[in-house]
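# Fold and geometry: a report
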Amino acid sequence: MDYKSAGVDIEAGYRSVELMKKYVQETMRPEVLGGIGGFSGAFSLAKIKEMEDPVMLSGTDGCGTKVKLAMIMDQHDTIGIDAVAMCVNDIACAGGEPLFFLDYIACGKNVPEKIAAIVSGVANGCIQSEAALIGGETAEHPGMMAEDEYDLAGFAVGVCDRKDMITGENLQAGDVLIGMASSGVHSNGFSLVRKVFAEELTKEGLGTYYGALGRTLGEALLAPTKIYVKALKGVKNAGVKVKACSHITGGGFYENIPRMLKDGVRAVIRKDSYPVPPIFAMLAMKGDIAEEMMYNTFNMGIGMIVAVAPEDVDKTMEAIRAAGETPYVVGNVEAGEKGVTLC
């Protein structure tokens, strides 16, 4: 008896590493020390010596049950973008620059080509966020997961100067809320999505084209989470002080927007200030989901919200567009009880 007969193929692991090396190499930054395959990833912190008061920021997350759709569609080269996005967007939301990322893939059986495809998406997300992919782990779990199943999670570390942290402490009535368009559902709420589209969760069903979506259902649902790192960096480089920021993830508007607020101020969001992607209307209608629950579960077309002073609105909008994202003035800050009003 050997390890392979127990369900773990060491040779497949070696091949996976070889196949993913070309993707990992594309994410390298000058600070990365050593090569691929060490017991730990090494990253020089020499750069942060230039900061007055450097603060390390970290984030860890996964893609939730969205990976189930990737499995059904047998499309594995975008789900890694989601894993990176969920981590680096949180770091950028606090004013930080993501430095490096590590991934963790748990699978029932190591199929090297599939693992390499997953890692290619992770590398793509790292390139988009200018973070280095300095390590990771692929673990086979025979007997615990089906052979064709896997899960993906990650961990990112970033840095910022304390004076550049986005804390919300200087928010005041009259500040303007600017939202950045999402690509769709992103990576939250997929347990509800899968329940609503239970009958369509086959390769054929997800491959069905819908005119209202302008693409297949699977393409709309598997669209990678937007990475807003460059947009937020562009706003900072434009000389704008972002007073507060919210990454709209699980919990939608009602849970995430109050997290950016200090006591004594309230966010007011105008629902008609931007176009809601059609996938959300389809979800609400097919699942008979109340509007309040939609805004309490999904991003509803806005993946990131920043609060800026009124005089900085034009510069902020211009910087976001220059980074390739689509901004909308979605509301404002008012005096009142901490919370959010959708009108």
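Before reading on, note that the structure itself is shown above.
Because the structure is a prediction, the values reported are computed rather than measured. (Residues numbered from 1 in each chain as written. Predicted model: local features only at pLDDT ≥ 70, side-chain atom pairs only at ≥ 80, totals over all residues. Heavy atoms only, no water.)

### Concerning the packing of aromatic side chains
To be explicit about the condition: Side-chain rings of Phe, Tyr and Trp (the six-membered ring for Trp) are treated as a pair once their centres are within 6.5 Å; stacked means planes under 30 degrees apart, edge-to-face means over 60, and tilted covers the remaining angles. Each helix is a run of H or I in the DSSP string that is no shorter than four residues. Each strand is a run of E no shorter than two, and both are numbered from the N terminus.
Tallied over the entire structure, the rule returns four aromatic pairs. Taking the centre distance of 5.3 Å and the plane angle of 85 degrees together, the rings of Phe253 and Tyr295 count as edge-to-face. Of this pair, Phe253 sits in helix H9 (residues 252–256) while Tyr295 sits in helix H11 (residues 291–295); the two residues are 42 residues apart in sequence, bridging distant segments of the chain. Seen from their ring centres, Phe280 and Phe298 are 6.0 Å apart, and the 50 degrees between their planes marks the pair as tilted. Of the two residues, Phe280 is situated in helix H10 (residues 278–287) and Phe298 in the loop between H11 and strand E12 (302–308); the sequence distance between them amounts to 18 residues.

### Notes on the environment of Gly218
Stated formally: Note on definitions: a residue-residue contact is assigned when non-hydrogen atoms from the two residues lie within 4.5 Å.
Mapped onto the fold, Gly218 is located in helix H7 (residues 217–222). Considered as a pair, Gly218 and Ala70 are 148 residues apart in the sequence and their alpha carbons are 8.8 Å apart. The contact partners of Gly218, leaving out residues within four places of it in the chain, are Met73 and Leu206.

### Comments concerning the sheet that holds strand E4 (residues 97–107)
Heads up, the condition is: Two strands pair under a simple rule: DSSP has to find at least two bridges between them. For helices, the fitted axis covers only the stretch in contact; all axes are lines through C-alpha atoms, and the angles between them, taken along N-to-C directions, range from 0 to 180 degrees.
Strand order in this open sheet of four strands is E3-E6-E4-E5, and the pairing throughout is mixed. Of all the strands in the sheet, the pair left with one neighbour each is strand E3 (54–62) and strand E5 (132–140). Going across the sheet, the axis of each strand differs from the next one's by a mean of 15 degrees, ignoring polarity. With eight bridges joining them, E4 and E5 adopt parallel strand pairing. Bridge pairing in E5 links Ile105 to Thr138. Sheet strands touched by helix H3 (residues 79–93): E3, E4 and strand E6 (150–161). Its angle to E6, the strand with the most contacts, is close to 30 degrees.

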